[in-house]
Amino acid sequence: MLPNKRPSTEQTQRWTFSQLFGRARRHPFMISRWVLRWAVVGTFCGLFAGLYWNILELMIHGLQKFQGLSLVLMMPLAGLAIGLVIHFLGNPGEIGVIVDNIHFQGGRLNAHKNPSMILASLVSISAGGSAGPEAPLVQVTGSFGTWVADRLRLRGEDLRSMSLAAMAAGFTALFGAPLGGAMFALEILHHQHIVEYYEALMPAIVSSCASYLVFAAITHLGIAPTWHFPQYRLDSMDDFAVAIMFGIVGVVAGWIFMGIFRGFDRIFALIPGPIYLRTTIAGLGLGILATVLPLTRYFGHEELNEVVNQSFPIVFLFILALSKMAAISITVAGGWRGGFIIPLFFTGACVGKAVATFIPGLNPTLAMICTMAAINASVTRTPISTTLLLSKLTNFSPLTPILFASLIGFFLAPKVPFIASQLKSGQETVVSHQ
């Protein structure tokens, strides 16, 4: 019996092209309803981020008037207000709770405690705590993504991807870097695997782009570089050795920061009573620090430009860096709400500039940015997004040296991550920063 005759290649191609033409007549593009959903979620997240930022700026403008010794009174009162909000509206948690929910709750983020997070973070940041708005924005927008997923009756990876897309949109709104924000939302979830939920990458990018456009239109932020570093040009192989060296400097600073933080975390854990007692004591500590060193106040968005563009003694820069580490630790361990990425960038800039000033002939721009990259990568375990974010925030176009420093920060970081939930295991004994 003869085998069945196979259709000729020409016939097969004609059939395939005919089928494709039929599909093209119905829908000739790759775009789908999913893309539109991600874009809509990003748009609403950008609107919320723009509203949040405008309210925050108004509050900062009002509370900036307190200077000097008045901070010793004002900041404890702000701490009391933060503690009362958390006491009565519930503890919204920190980034570690978000990571746990993405891993173990199928990506479902609870919106019930958003009022507590919004109010507590607005007071925390505007009063002068050393924590930025990235954590509140990520939590609130991420829970909005979960709400949308529930309305669409999504399950499994679709639900998780929608939450991650919204998280990325919130993060991107603040930093003005859609690709960096999308990568950060995925990288922050694990200390070793970098991008674990790769299915969410395209949703995160689309949502981030929509959020970026809306936030930039409302606030006019994120279009130009945030920090104005002197121009730098990569023209020597020696610069890669310098980048690696300052990557090591940033890692050392990261280890020191994590040690200081855990020390303050243990101290605040010993304070008995309701949370508003702890937040008030934290406010007193922050007020004293801000009175002595005003540059430790706030999360560093504006203050970092002063470090970059002004001349400071080497000893002062090292003292400022250590004081900023203490301020970040008091803020977060003391129950104030906010994120620590921009404060870590500020700390890295102080350390990098001090070392570059101490060693003649080094480029201070390269030194500061590489140290900023390494300290953040060592603490948050996000080398790829750190590289993309800093390239955008500083207009540092040759991003390869930043990548080298970020990878040094990542690979020389402690085995036990600072964000304990990145381990994705409840059996490991770690010191959590919750």
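Residues numbered from 1 in each chain as written. Predicted model: local features only at pLDDT ≥ 70, side-chain atom pairs only at ≥ 80, totals over all residues. Heavy atoms only, no water.

Novice: I keep staring at the overall build of the chain and nothing clicks. Help me out?
Specialist: Tallying secondary structure elements over the chain gives 17 helices and zero strands in all. Out of the 434 residues in the chain, the part that is buried amounts to 56%. Long-range pairs, those at least 24 residues apart, make up 82% of the contacts in the chain between residues at least 6 apart in sequence. (Helix = DSSP H or I, 4+ residues; strand = E, 2+ residues; numbered from the N terminus. Buried < 20%, exposed > 50% of the residue type's maximum accessible area, 1.4 Å probe, protein only. Contact = heavy atoms within 4.5 Å.)

Novice: Explain unusual backbone geometry to me, please; I cannot follow it from the model alone.
Specialist: Most peptide bonds are trans, and most residues other than glycine sit at a negative phi. In this structure, Tyr298 takes a positive phi of about 70° despite not being glycine. Looking at the secondary structure, you find Tyr298 in the loop between helix 11 (275-292) and helix 12 (303-309). Phi at Arg381 is positive, roughly 60°, even though this residue is not glycine. With respect to the helices and strands, the residue Arg381 is situated in the loop between helix 15 (364-380) and helix 16 (383-394).

Novice: Please clarify how the side chain of Gln139 should be interpreted in this entry.
Specialist: Tracing the sequence through the fold places Gln139 in helix 6 (residues 134-151). Residue classification places Gln139 among the buried positions, given a relative accessible area of 8%. A polar contact of 3.3 Å, which involves the side chain of Gln139, links it to the backbone oxygen of Pro92. Among residues more than four places away in sequence, those in contact with Gln139 are Pro92, Gly93, Ile98, Asn114 and Met117. (Polar contact = N/O pair within 3.5 Å; in protein donor to acceptor, adjacent residues only side chain to side chain.)

Novice: So what exactly am I meant to see when it comes to the layout of surface pockets here?
Specialist: Rolled over the atoms, a probe sized like a water molecule indicates the empty space that remains. Size it by volume and the largest pocket reaches roughly 200 Å³. Looking at the largest pocket, the residues that line it are Trp53, Glu57, Ile60, His61, Gln64, Tyr298, Phe299, Gly300, His301, Glu302 and Glu303. Of all the elements, helix 2 (residues 33-63) adds the most residues to the lining of the largest pocket, at four residues. For the lining of the largest pocket, the class distribution of residues is four nonpolar, four polar and three charged. (1 Å grid on protein atoms, 1.4 Å probe; cavity = no way out; pocket = protein on both sides within 12 Å on 5 of 7 lines; lining within 4 Å. Points joined across faces, edges and corners; volume = space filled by probe spheres on them. Nonpolar A, V, L, I, M, F, W, Y, C, P; charged D, E, K, R; others polar.)

Novice: Looking at this structure, how should I read the environment of Leu407?
Specialist: Relative to the assigned elements, Leu407 resides in helix 17 (residues 400-411). Each C-alpha atom, one on Leu407 and one on Ile244, is 9.0 Å from the other, the two residues being 163 residues apart in sequence.

Novice: Whenever I open this one, the side chain of Asn114 confuses me. Can you help?
Specialist: Mapped onto the elements of the fold, Asn114 is located in helix 5 (residues 114-127). The buried category is assigned to Asn114, whose relative accessible area is 9%. Apart from residues no more than four positions distant in its own chain, Asn114 is found in contact with Gln139, Val140 and Ser143.

Novice: Looking at this structure, how should I read the pattern of salt bridges?
Specialist: When charged atoms on two side chains of opposite charge get close, those side chains can pair. This model, assessed by the stated rule, comprises two salt bridges. Here Arg108 ties to Asp150 by a salt bridge, and the two come within 2.8 Å at their closest N and O atoms. Here the residue Arg108 occupies a position in the loop between helix 4 (95-104) and helix 5, and Asp150 occupies one in helix 6, the gap between them amounting to 42 residues. Residue classification places Asp150 among the partly exposed positions, given a relative accessible area of 26%. Between Arg160 and Glu157 there is a salt bridge whose closest N-O contact spans 3.2 Å. Linking Arg160 with Glu157, this pair stays in helix 7 (residues 156-175), spanning three residues, or about one helical turn. For Arg160, a relative accessible area of 10% gives the class buried. By relative accessible area, which is 32% here, Glu157 ends up partly exposed. (Salt bridge = Lys/Arg side-chain N within 4 Å of Asp/Glu carboxyl O.)

Novice: How should the packing of helix 10 (residues 238-269) against helix 13 (residues 314-333) be read in this particular structure?
Specialist: Each pair of packed helices can be summarised by the angle the axes make with each other and by the distance between the axes. The contact between helix 10 and helix 13 brings their axes to 9 Å, and the two run at 40°. As summarised for this structure, helix 10 and helix 13 are arranged oblique, according to the angle between their axes. Crossing hand, helix 10 versus helix 13: right-handed. Packed against helix 10, whose contacting residues are Ala253, Ile256, Phe257, Ile260, Phe261, Phe264, Asp265 and Phe268, the element helix 13 presents Leu322, Met325, Ala326, Ile328, Ser329, Ile330, Val332 and Ala333 at the interface. For the contact of helix 10 with helix 13, the per-class residue count stands at 14 nonpolar, one polar and one charged. (Axes fitted to C-alpha atoms, helices over the stretch in contact; angles between N-to-C directions. Parallel < 35°, antiparallel > 145°, perpendicular 65-115°, else oblique. Left-handed = near helix turned anticlockwise from the far one by under 90°.)

Novice: Which parts of the structure should I look at to understand the packing of aromatic side chains?
Specialist: Aromatic rings considered in pairs are described by the distance between their centres and by the relative angle of their planes. Per the stated rule, a full pass over the model turns up 16 aromatic pairs. Look at Tyr232 and Phe396: their rings are 4.9 Å apart centre to centre, the planes differ by 10°, and that puts the pair in the stacked class. On the criterion of sequence distance, the pair formed by Tyr232 in the loop between helix 9 (201-219) and helix 10 and Phe396 in the loop between helix 16 and helix 17 is long-range, its members being 164 residues apart. For the pair Tyr232 and Phe396, one class covers both residues: buried. (Phe/Tyr/Trp six-rings, centres within 6.5 Å; stacked < 30°, edge-to-face > 60°.)

Novice: I tried to follow the environment of Met325 on my own but got confused; where do I start?
Specialist: As for its placement among the helices and strands, Met325 is situated in helix 13. In this structure the C-alpha to C-alpha distance between Met325 and Thr347, which are 22 residues apart in sequence, comes to 7.1 Å. Residues in contact with Met325, not counting those within four places in the same chain, are Ala253, Ile256, Phe257, Ile260 and Thr347.

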